[in-house]
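Listed here are the chains, written in short residue letters.
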Amino acid sequence: MAYNVSLRQLHVFSTITQHKTLTAASEALFLSKAAVSMALSELEKQIGHPLFDRVNNRLVLNQEGQKLLPLADELLHRANDIELMFDGDTTLTGQLRIGASDTIGNQIAPYMLSDFRKSTDHTQQSLFISNSAQICQMLIDYELDIALIEGSTPHPDLLSVPFSHDEMCVIASPIHPLSHGSEITLDQLEGNDWILRESGSGSREFFTQLIAPRLVDWHESFQLNTTEALINSVSAGLGLACLSKLAASPAIQDGRVVQIPLPLNMQRKFCLLVHKEKYQNPLLKAFISFCQQWQQNDASK
């Protein structure tokens, strides 16, 4: 059977996967909703399978669509590479969609992107910050090109490469009984209230894997989805917290919270993630190489 699948149809398909509705996709493509719907229908007819499940007004990628997505992504990027090859222009072009978990997104990524722009003159990057679990899911769904997270991921579709590291710390209110000691034993942490990030956060994962298993008696006082709320809650005396020292440093320096020294290795790694089937165009390759060579000298400014 002969197929006449066009790049235009694949572009429409890829855009729908990102925006979830025909209306949003049509706005992104500057096409009418009818034109987008027709291009999708033609593509599905060519392939012989529906690519989305229609759920209310949303289009949810089905199994056939999931098989097509990495191929469509690669073909669209390769088509752009062909244009650049014969343009003779070696300047990096295209949009780079970066996802970052909370600590990296707020404390590291701004400096990385500033250095990347200075070294390449490429300025078309977007940055989405959320917890590690959501960032990984967006990468799996091809809504992001690359992700920078704390820790690693066991997901079989994602490649994980360490690129840097940071140090975690436990903080308390200045009036907390543990805030006046030197090095604290783990026994002294027993019976305390803890303020944790939400499920899926790298900071929460670090606490539940390294500290919680060493305690017999601990209580989750609050679950919060922002680092600033967590720090303020600790400052207000609502419990202890475990978070990145990069994020906690300003509050420690201001005296709003106190770091509790522990006899544990509090280092954790930062990882760069890409989808195994993601086509790595020159822009993505350049950013990956940049991340692996970048030193976070300015990250704590």
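Computed from a prediction, not measured in an experiment: that's the story for all the values here.

Conventions used here
Residues numbered from 1 in each chain as written. Predicted model: local features only at pLDDT ≥ 70, side-chain atom pairs only at ≥ 80, totals over all residues. Heavy atoms only, no water. Buried < 20%, exposed > 50% of the residue type's maximum accessible area, 1.4 Å probe, protein only. Helix = DSSP H or I, 4+ residues; strand = E, 2+ residues; numbered from the N terminus. Arc of directions from axis to C-beta. Contact = heavy atoms within 4.5 Å. Phe/Tyr/Trp six-rings, centres within 6.5 Å; stacked < 30°, edge-to-face > 60°. pLDDT = per-residue confidence, 0-100. Axes fitted to C-alpha atoms, helices over the stretch in contact; angles between N-to-C directions. Parallel < 35°, antiparallel > 145°, perpendicular 65-115°, else oblique. Nonpolar A, V, L, I, M, F, W, Y, C, P; charged D, E, K, R; others polar. Salt bridge = Lys/Arg side-chain N within 4 Å of Asp/Glu carboxyl O. Disulfide = S-S within 2.5 Å.

Undergrad: I'd like a rundown of helix H8 (residues 227-235), residues and numbers included.
TA: Along H8, the residues that are buried comprise Thr227, Leu230, Ile231, Ser233 and Val234. Here the buried residues of H8 occupy an arc of 160° about the axis, which is enough to place them on one side. Of the surrounding elements, those touching the buried residues of H8 are helix H5 (102-120), strand S6 (158-172), strand S7 (192-197), strand S8 (218-224), strand S9 (241-244) and helix H9 (245-254). In the segment just after H8, glycine 237 is the residue with positive phi, at about 85°.

Undergrad: Hey, could you go over the packing of aromatic side chains for me, with residue numbers and the actual values?
TA: Here the structure, examined in full by the defined rule, presents 7 aromatic pairs. Pairing phenylalanine 116 with phenylalanine 287 gives two aromatic rings, centres 5.0 Å apart and planes at 90°, and the pair type is edge-to-face. Of this pair, phenylalanine 116 sits in helix H5 while phenylalanine 287 sits in helix H10 (residues 282-293), and the two are 171 residues apart along the sequence. What makes phenylalanine 287 buried here is its relative accessible area of 1%. Centre to centre, the rings of phenylalanine 116 and phenylalanine 290 are 5.3 Å apart; their planes meet at 65°, and the pair counts as edge-to-face. Note that phenylalanine 116 is positioned in helix H5 and phenylalanine 290 in helix H10, a separation of 174 residues in sequence. For the pair shown, phenylalanine 116 and phenylalanine 290 are each scored as buried. Joined through ring pairs, the aromatic side chains of Phe116, Phe287 and Phe290 make up one cluster.

Undergrad: Can you lay out unusual backbone geometry for me, pointing to particular residues and giving the numbers?
TA: Within the chain, asparagine 56 stands out as a residue other than glycine whose phi angle is a positive 55°. Structurally, the position occupied by asparagine 56 is in the loop between strand S1 (52-55) and strand S2 (58-61). Note on asparagine 56: relative accessible area 76%, which makes it exposed. Backbone geometry places tyrosine 142, a non-glycine residue, at a positive phi of 60°. Position of tyrosine 142 relative to the elements: it lies in the loop between helix H6 (132-140) and strand S5 (146-150).

Undergrad: Describe the confidence of the model for the chain, with residues and values.
TA: A residue-level look at the chain finds 94% of positions with pLDDT of 70 or above and a mean pLDDT of 89. Note that pLDDT drops below 50 for residues 297-301; the model gives that stretch 8 contacts with residues more than four away or on any other chain.

Undergrad: Which residues make up the packing of helix H1 (residues 7-19) against helix H3 (residues 33-47), and what values do they have?
TA: Across the interface, H1 lies against H3 with an axial gap of 9 Å and an inter-helix angle of 110°. Comparing their axes, H3 and H1 come out roughly perpendicular. Contact residues: H1 offers Arg8, Gln9, Leu10, Val12, Phe13 and Ile16, while H3 offers Ala35, Val36, Ala39, Leu40, Glu42 and Leu43. Taken together, the residues that form the contact of H1 with H3 break down as 9 nonpolar, 1 polar and 2 charged.

Undergrad: Residues and numbers for the pattern of salt bridges, please.
TA: What the rule picks out here adds up to 13 salt bridges. Among the salt bridges present, the one from aspartate 73 reaches lysine 278, with a minimum N-O distance of 2.9 Å. You can see aspartate 73 sitting in helix H4 (residues 63-87) and its partner lysine 278 sitting in the loop between strand S11 (267-275) and H10, a full 205 residues away along the chain. With respect to burial, aspartate 73 and lysine 278 carry one shared label: buried. Ionic pairing is found between arginine 78 and glutamate 74, a salt bridge with its closest N-O pair at 2.8 Å. Of this pair, arginine 78 and glutamate 74 both sit in helix H4, separated by 4 residues, roughly a single helical turn. For arginine 78, a relative accessible area of 40% puts it in the partly exposed group. One salt-bridge network, held together by shared partners, links Asp73, Arg97, Asp145 and Lys278.

Undergrad: How would you explain the state of the cysteines if you had to name every residue and give the values?
TA: This structure, assessed with the given rule, holds 0 disulfides. Of all cysteine sulfurs, the one in cysteine 242 lies closest to cysteine 169, which takes part in no disulfide; the gap is 7.2 Å. A residue is classified by how much of its surface remains accessible, and cysteine 169, at 1% relative accessible area, is buried. The structure places no disulfide on cysteine 271, whose sulfur is separated from the nearest cysteine sulfur, that of cysteine 136, by 9.8 Å.

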